[in-house]
Amino acid sequence: MKTIVLSSFFVAIFCFSNSIAAQEYYLDVSPNSQHVSLSAGSTTFSVDANVGWNVTDDASWLTATKTDGATITVSYEENTSTSERTANITASGTGGVTETVTLTQAGKIPFIDISPSSQDVCGSASSTTFIVDANVGWSVTDDADWLTATKTDGSTITATFEANNSTSERTAHITATGTGGVSETVTLTQIPFPFIAI
């Protein structure tokens, strides 16, 4: 009888120890991912763990901090680019358990604007400029053999045109195309070059 009691006692101790060991390494971070706007701000992740833990991140534009035993606070800077960006945030616990979640921040909506939207020029050879406001890189093209549109700098298109020796006005389209597929088209219309009939 004594042998049976002792055996049962040791079995119970063994099962209890295994149960403790099985629960010893537990760490969960939620949600698995978050999406935030392009503005600077902060958000939180919840941590459920029965071990001590710390937190790290892999992005220079973000700081992940262990606020308390159940919370990760993430502070992030404004995203000034037009591309979204993603950071990995990792909680590492005692015993080697880890969990990684992601935070994705939206980028700015790409835009490009040219002003004025159209210009009328005289018939003689000359040049004029258009002003470009954009938050993306861009290039310029035109559809006329009598005109050349050039990107002078990051905010200027210079259109150089030949004399219009015909009796009809003519129009060229100038298009600025930016990264991300955004584009804007303006027009330049040239009147005929005046002539004197003899």
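Look up: the structure comes first, before these words.
Residues numbered from 1 in each chain as written. Predicted model: local features only at pLDDT ≥ 70, side-chain atom pairs only at ≥ 80, totals over all residues. Heavy atoms only, no water.

(A) Expanded view of unusual backbone geometry. In this structure, Pro-31 follows Ser-30 across a cis peptide bond, with omega equal to -5°. When you line up the elements, Pro-31 lands in the loop between strand S1 (27–30) and strand S2 (33–36). The peptide bond linking Ser-115 to Pro-116 adopts the cis configuration, its omega dihedral lying at -5°. Within the secondary structure, Pro-116 is located in the loop between strand S9 (112–115) and strand S10 (118–121). (Helix = DSSP H or I, 4+ residues; strand = E, 2+ residues; numbered from the N terminus.)

(B) Up close: the sheet that holds strand S4 (residues 53–57). Taking strand neighbours across the sheet as the criterion, the 4 strands line up as S2-S8-S7-S4 in an open arrangement whose pairing is mixed. If you trace the sheet from one side to the other, it starts and ends with S2 and S4, each paired once. Within the sheet, the average angular offset between the axes of one strand and its neighbour, ignoring direction, is 20°. Bridge count between S2 and strand S8 (residues 98–105): 4 bridges; the pairing is parallel. Bridge pairing in S8 links Ser-33 to Thr-102. (Pairing = 2+ DSSP bridges. Axes fitted to C-alpha atoms, helices over the stretch in contact; angles between N-to-C directions.)

These figures capture arrangement, not role.
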